[in-house]
Structures are given as C-alpha cells and as structure tokens.
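Residue strings, one per chain:
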Amino acid sequence: MGQGEHLERDPSPFRIGIVGAAGRGAAFASSLRSLGARVQAVCDIHAEGLEQTRLALGAAHAYTDYTQMLEAGDLDAVLVATPMHLHVPMATAALERGIAVLSEVTAGVSLEECQALVAAAARSDALYMLAENYCYTKANMFVQGLVRAGLFGEPYYAEGEYLHDVTELAERTPWRRYWQLGMRGNTYCTHSLGPILQWFGDDRVVAVSCVDTGQHRRDPRGEPYAADSSTMLCRTPRGRLIKIRVDLVSPRPHAMTNYQLQGTDGAYESSRDRAGDRGRIWLRALFEPDAWLDPETLMRLPEVGGRYLPPLWWDPPTAALQAGHGGGDYMVLHDFIRACRGEIPCPIDVHRAMDMTLPGLVSQQSVLEDGRWLPVPDSREWPSQPRRSQLNMLWPEEQLGSPPQVVVPPGYTLRQYHEGDEREYLALLAAVDLAHWDAERFARVQATILPGGFFVVTHDASGALVATALAQHNPRPLHPQGGEVGWVAADPAHSGRGLGRAVTAAAVQRLLAAGYQRIYLLSDDNRLPALHTYLAVGFRPYLCEAGMAERWEAVYRALGREG
Ligand SMILES: NC(=O)c1ccc[n+]([C@@H]2O[C@H](COP(=O)([O-])OP(=O)(O)OC[C@H]3O[C@@H](n4cnc5c(N)ncnc54)[C@H](O)[C@@H]3O)[C@@H](O)[C@H]2O)c1
C-alpha cells in the first residue's frame, strides 16, 4: 500500500482554499482530490471564469476577495499560487488567522518582507511550507536518499540550472515581466538551489557572488530584459560550493531540471531534460571505477531504488505519476498535508524556505556590485518577536450595578449546556475557528465555569446548537480576582440575529450576580464581528500595554465606528 492511499482513508477531510485558482493553483486540484483533501474554496481576482474554475476544481465556494475567503472560517490551509509579490502578504494573512500555508515559490521578493513572513510564522500556531516541488521529483529524491545513506561520501560541489525562456509567458502574466525578467540576479533560484540544499542536509548558503551576461534580448515593446543569463556562486559553512544558473530569457528549448553533484565517493549528472538524454551516476561503493550508470535503470532495481527512494516514489500512486513537474506537485502536497496533521516535521519550513530564497535576493545586490561576495542572512538569527498579546476588554466599573439586557430573538432558546451537547458544542467552536479542543482541555475549562454559567443557544426549528459563551472564574495577572466571559461563539449561518450579543450579555449577568468587580474578555484583532458584539453589549477596550491604543484605532477604523 502506498502512503498516498493512507491519506485517502483519513476520515477527516483536509479543507484547503486555493488562491490564484485560475492560474497555477488549478494544477494542484486533482492531486489534492486523490490525497483525500477537499478543495473547499477557490479565490481569484479573475472574476470572469471564476465559477467555471470553482466547478472544475469541485470547490464549495468561490471568492474574488482573499480576506473574505480567509474570514469564512472553513479552511485548514491555503495554497498561495498568486504572483510572487503576493506570496508574503497572503501567507502572513493566513498565518495570522491560524490557517496553514503552502506557498508557491519564491517565498518572498524582498528581505524586509521575508522578515515579516518569518515573524508571522513564529507568532502563528499554523504551519508554513514552501511548495518547492523540484525537491520532490523522483530523480532528486533518489539522489537525496543516496546522499543520506552516505553513498556520495562527503558531497562538496553541486550545480543547478533553470533554463526556461518565459518571455512569451511574461506577456500574458505581466508580473513576470517585472519580478522575474525585470530583476538582475538569481531571483528565481529555488528550483535549482532547493533540491541541492536538501541533498546537503542542514547546510545553508552563507555568501553569494553573482554575475550576468548583460542584455541581448528585448521585449515586444523594444525594452531590454534586465539580463539574459545569470550565474550565482554560493558558499556554505561546511566548505561546499554551489553554482546556480538561471536564464529566463535566452531563446532555446527548456532545460529546467539540470543538476550535478560531486562528493568524495560519488558523482551525479542529471539528464539535461531533452528527449533521449539520460542522466548518469557513479558511486564508488557500488560500481566499477570509471563506469557511469543510468539512474533510471538503478531506480528500477529493488536493491537500489527499493532501498534509496522514498516508499511513495518506489511504489507511486497513479495520481503522482500524472501530476505536474515530474510528480513533484503531488509529492509536495502529500508532505504538506502530513506535516499539517503532525505526522512528519515540516520538510520545507519557513527557515528552509528562507535558505532557498534569500541567496537569490542577496544576489540582486551582488550583481550590481560586479559579483562582490555578499553575506546571506540566517533567518534563524532574526529576533523572534513574541506572540502578540490579545486585545483585552473590561466591563466598565460604573456599569457594575447595571447588568446588560439579554435579548433572545424569536425562534431561539437560551439555556444551560447539558450532557449530550458535547459533539455539537465542539463542532460550533471548530466552525468559528476557536482553538482546538480535546477532552483534557475541555475538562480544564469546565472546571472554571460558574454554576449556571455555561450558556448555549439552540435553534428551535432545527434543534441545532448555534451560540455559546461561558461565565468563568479565571483570575490572571492582569485581572486578579477576575471573572472572564470566555469562548464566545456564534454560528456564522445564524449571524445578524444578535445571538453573540445574547450569550455575552447572559455571561456578564451571571458574573455580576456572582459579585465579580472585574469582568474581562480577550479577543484577537481580526475577530471583527465579535469585537463589534462586545462593544455593543457594553465592554470597553483596556489599554493594558504599549501599542494597544493603535491596535484599537485600527479595529475602530475597520468597524467604521468612532474611537
Ligand atoms: N512551482 C512551480 O513549478 C511553478 C510553476 C508555475 C508557476 N509557479 C508560481 O506560481 C505562481 C503563479 O504563477 P502563474 O504562472 O499561475 O501566474 P498567473 O499570473 O498565470 O496566475 C496567477 C493567478 O493569480 C490571480 N491573482 C492575482 N492577484 C490576485 C489576488 N490579489 N487575489 C486573488 N487572485 C489573484 C490571477 O488572476 C491569476 O489567475 C507564481 O508565484 C509562480 O512563480 C510555480
């Protein structure tokens, strides 16, 4: 049984939203389906044809506004397949909402935004992975398996080349004209550098030198491209040298998966991507001196391929064989989903994504300085910003004698939680994307609820549990002897009826009746409907630390109300 089938049998579908769905994003749909994931939503500003894209990808929802897709609250992850300069803002927006991200390459287009991405990933509980699919081709994973088994000895030199004339494509995707063909340097280097870094294990590039060939081609408007061919040399702390050539301009047949590797005990030269061209490999431990062998043949041998290929590539599901980029598109999704489910560590996390992206960004400066060697920052050393504290709100002291009114709209009933509600209750919290609950956490929270303080609202017609809030005894350093209005949730399908307001007011009433003088609640900046509700019930912002006033100003602006 291949590992792909394992995912197919998982009972809880992984819900993914694809942004850039009318472009590259669509290419992932069939792999996602065969991995048992659900394309929950698609998003593209290309409104014309969006419905067709939705149908083609089998998505439940279509959006032209990315924020709306994120705010719908029904996604486990997003696949960011928009133009390069949108990767960071879109990835950070998802991470800030606790939604996992699989981002197309490159990770970012400037050092500053890469820092923002790393900070966002550090603040978030959600996983970030770079979709560097070339790391996942069969040949590259085979080499990786051999390197890890020590069969190359100590690898010390590698080359990668991405030769792909995209000048015509850039006329249809103008962002390419600017971000890929308008920049000098090795910006689009991840397809070449990524697999090499995976072969080199935990090594990284610490310095680059880049030169190019100048301008020999012009676009249809007569403007020269920034440069035709550029070559970047990379040094690693372990004394390795890497040479990367990126050429997106020169007229020639594509050759996008060219690699070479040299170690003390082995050498590898990939096929140069032309029909009939074969790669070759020599490994001292396995073969006669001077005898090159064909990697394709070796990969088919159980004693070699069966041993050094990952099981999924040794026995691949049909969907993997049909997927784009030599099956890399399938494999990268497969690992992303497993990483999100905690089954494996993230194979290309935000720092590895930086290892693959930052050398190319630094090379833009090196080429301007005629190939001067420049240091490449290590994102692991960037100061990690502590997780942002939540917004705090207080029930005003002058209102301690005036409980808010509890208004339950017709057709709904406010009552206490009772046995048998658990499944629906947990589903409601999950629907509004409140933190993951398990039995242990639920028991811990239940111990803090005042008697008669576990409010739920049910919908009379369907019996569904549609809103909830807790009156909790929950002292914290900021709120000693504090009573908290906690875990407020209202089903978006029943929004606009004042249900959130009813349960919040009921919880405040309960805390006031119990004599609490300090009643507080916590929320996140992006939960605007909830913040609107709390303000409407009568809570006021508590400016408990520097920066809170600005954050509240932004909230008020977003809500369209006076501060
Ligand atoms: N890994 C690979 O092998 C590979 C292959 C091709 C492209 N890519 C990457 O995929 C990304 C997209 O490339 P492409 O060729 O599909 O480009 P494209 O321009 O054809 O498609 C991008 C799509 O994003 C949409 N879009 C743009 N702005 C948007 C916004 N604000 N909100 C929602 N949708 C928006 C566009 O309408 C378009 O449909 C790029 O980053 C590219 O580098 C990677």
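As the structure is a prediction and not an experimental result, all values here were calculated from the model. Here the residue numbers are simple positions, counted from 1 along each chain's written sequence. A pLDDT threshold of at least 70 governs which residues receive local features in this predicted model, and a stricter bar of 80 or more applies before side-chain atom pairs are shown or counted, although totals over entire chains, interfaces and linings include all residues. Computation of side-chain values covers all heavy atoms of the structure but excludes hydrogens and water.

**A look at the packing of aromatic side chains**
Keep this limit in mind: Only Phe, Tyr and Trp rings take part, Trp by its six-membered ring, and two of them pair if their centres are within 6.5 Å. Stacked means planes under 30 degrees apart, edge-to-face means over 60, and tilted covers everything else. Note on conventions: DSSP H or I runs of at least 4 residues are helices, E runs of at least 2 residues are strands, and numbering of each starts at the N terminus. Buried, partly exposed and exposed residues are distinguished by accessible area as a fraction of the type maximum, computed with a 1.4 Å probe on protein chains only: under 20%, between the cut-offs, and over 50%, respectively.
Overall, the coordinates contain eleven aromatic pairs when judged by the stated rule. Judged by centre distance (6.1 Å) and plane angle (85°), the ring pair of Phe 14 and Phe 336 falls under edge-to-face. Placement of Phe 14 in the loop between α1 (3–8) and β1 (15–19) and of Phe 336 in helix α15 (residues 328–340) is noted, with a sequence separation of 322 residues between them. Phe 336 gets classed as buried once you look at its relative accessible area, which sits at 0%. Members of the aromatic cluster, connected to one another through ring pairs, are Tyr 134, Tyr 162 and Tyr 188.

**Digging into the layout of surface pockets**
Threshold: The definitions used throughout rest on a 1 Å grid laid over the protein atoms alone, on which a cavity is an enclosed set of points accommodating a 1.4 Å probe that cannot get out and a pocket is an open set flanked by protein within 12 Å on both sides along at least five of seven lines; lining residues are those having an atom within 4 Å of a point. Grid points are joined across faces, edges and corners, and a volume is the space filled by probe spheres set on the points. Gly is placed with the polar residues, together with every amino acid not listed as nonpolar (Ala, Val, Leu, Ile, Met, Phe, Trp, Tyr, Cys and Pro) or charged (Asp, Glu, Lys and Arg). Throughout, the edges of the domains are those of an automatic or database domain assignment.
The space that makes up the second largest pocket amounts to roughly 780 Å³. A per-class count over the lining of the second largest pocket returns 19 nonpolar, twelve polar and four charged. Counting contributing residues, the lining of the second largest pocket receives three or more from each of domain 1 (3–133) and domain 2 (134–309 + 347–381).

**Structural notes on empty space enclosed by the protein**
Counting across every chain of the model gives one cavity of 30 Å³ or more. Taken as a whole, the largest cavity encloses approximately 120 Å³ of empty space. Around the largest cavity sit 15 residues that line it, and Gln 180, Met 183, Gly 185, Ala 227 and Leu 248 are the ones nearest its centre. Among the residues making up the lining of the largest cavity, the classes are represented as eight nonpolar, six polar and one charged.

**Here's the deal with the sheet that holds β1**
Filter applied, for reference: Between any two strands, pairing holds if DSSP finds at least two bridges. Axis definition: a line fitted to C-alpha atoms, over the contacting stretch in the case of helices. Angles run 0 to 180 degrees between N-to-C directions. Contacts between residues were defined by any pair of non-hydrogen atoms, one from each residue, lying within 4.5 Å.
Taken together, the six strands give an open sheet; going across it, the order is β3-β2-β1-β4-β5-β6, and neighbouring strands pair in parallel fashion. Unpaired on one side and paired on the other, β3 (61–63) and β6 (128–130) mark the two borders of the sheet. Taken pair by pair, the neighbouring strands of this sheet meet at an average axis angle of 20°, ignoring direction. Direction of pairing for strand β2 (residues 38–43) relative to β3: parallel, over a ladder of three bridges. Bridging across to β3, Cys 43 finds its partner in Tyr 63. Where helix α3 (residues 50–57) meets the sheet, its contacts fall on β1, β2 and β3, and the angle it forms with β2 comes to roughly 170°.

**Structural notes on the site of the ligand**
The line we're drawing: Nearness is judged by heavy atoms alone; a residue qualifies as near a molecule or strand once a single heavy atom is within 4 Å of it. Nitrogen and oxygen atoms within 3.5 Å of one another constitute a polar contact, given that in protein one can donate a hydrogen and the other can accept it, and given that sequence-neighbouring residues count only through two side-chain atoms.
Around the ligand sit 26 residues, and of these Arg 24, Asp 44, His 87, Trp 175 and Arg 176 come closest. Between the ligand and the protein, one listed contact pairs an oxygen atom with a side-chain N or O atom of His 87 at 2.8 Å. Elements with a minimum of two residues in the shell around the ligand: α5 (87–96) and α9 (174–179). Classifying every residue of the shell around the ligand by side-chain character gives twelve nonpolar, ten polar and four charged.

**Some words on the packing of helix α20 (residues 528–537) against helix α21 (residues 548–559)**
Spelled out, the test is: If an angle is under 35 degrees, it is roughly parallel; if it is over 145, roughly antiparallel; if it lies from 65 to 115, roughly perpendicular; otherwise it is oblique.
One way to put it is that α20 packs onto α21 with a least axis distance of 10 Å and a crossing angle of 95°. Considered as vectors, α20 and α21 are oriented roughly perpendicular to each other. Facing α20, whose interface residues are Leu 528, Leu 531, His 532 and Leu 535, α21 presents Trp 552, Val 555, Tyr 556, Ala 558 and Leu 559. In terms of residue class, the contact of α20 with α21 is built from eight nonpolar, one polar and no charged.

**Details of the domain arrangement of the chain**
We note that the domain assignment places domain 1 (3–133), domain 2 (134–309 + 347–381) and domain 3 (391–559) within the chain. Taking only C-alpha atoms, the centre of domain 2 and the centre of domain 3 are 53 Å apart.

**Section: the nonpolar core**
Nonpolar side chains in soluble globular proteins tend to be buried together. The cut-off we apply is this: Nine residue types can take part in a nonpolar core, namely buried Ala, Val, Leu, Ile, Met, Phe, Trp, Tyr and Cys, and a core is a set of them joined through side-chain atoms within 4.5 Å.
Ranked by size, the top nonpolar core spans 124 residues in total, and within it Tyr 66, Val 78, Tyr 128 and Phe 336 carry the most contacts. The two domains that each donate at least three residues to this core are domain 1 (3–133) and domain 2 (134–309 + 347–381). Those residues in contact with Phe 336 that sit more than four places away from it in its chain are Phe 14, Ile 16, Ala 77, Ala 100, Val 101, Leu 102, Leu 127 and Met 129. Formed by 33 residues, the second largest nonpolar core is a distinct cluster that contains Val 488, Tyr 516, Tyr 534 and Leu 535.

**Quick notes on unusual backbone geometry**
Put simply, Val 105 and Thr 106 share a cis peptide bond, and its omega is -5°. Its identity as a non-glycine residue notwithstanding, His 325 has a phi of 55°, on the positive side. Backbone geometry at Asp 370 places phi at a positive 55°, although glycine is not the residue there. By the element assignment, Asp 370 lies in the loop between α16 (350–368) and β14 (374–375).

**Regarding the pattern of salt bridges**
Formally: Should a side-chain nitrogen of Lys or Arg be within 4 Å of a carboxyl oxygen of Asp or Glu, the pair is scored as a salt bridge.
Summed over the entire model, instances satisfying the criterion amount to 32 salt bridges. Here Arg 280 and Glu 269 are joined by a salt bridge, their closest N and O atoms 3.0 Å apart. Residue Arg 280 is found in strand β13 (residues 280–283), and its partner Glu 269 is found in strand β12 (residues 266–269); the two are separated by eleven residues along the sequence. Owing to a relative accessible area of 35%, Arg 280 belongs among the partly exposed residues under this scheme.

**Comments concerning helix α7 (residues 138–148)**
Every α-helix winds through 3.6 residues per turn, so residues three or four apart in the chain are directed the same way. Counting buried positions along α7 gives eight out of eleven residues, so the element sits mostly inside the fold. If you check which residues of α7 are buried, you get Asn 140, Met 141, Phe 142, Val 143, Gln 144, Gly 145, Leu 146 and Val 147. In the segment just after α7, Gly 150 is the residue with positive phi, at about 85°.

**Observations concerning the environment of Asp 165**
Inspection of the secondary structure assignment puts Asp 165 in the loop between β7 (155–163) and α8 (167–172). With near-sequence residues (within four places) excluded, Asp 165 lies in contact with Arg 217, Leu 248, Val 249, Ser 250, Pro 251, Arg 252 and His 254. Only 2.6 Å separates the side chain of Asp 165 from the side chain of Thr 167, close enough to count as a polar contact. Polar side-chain contacts of Asp 165 include one of 3.1 Å to the side chain of Arg 217.

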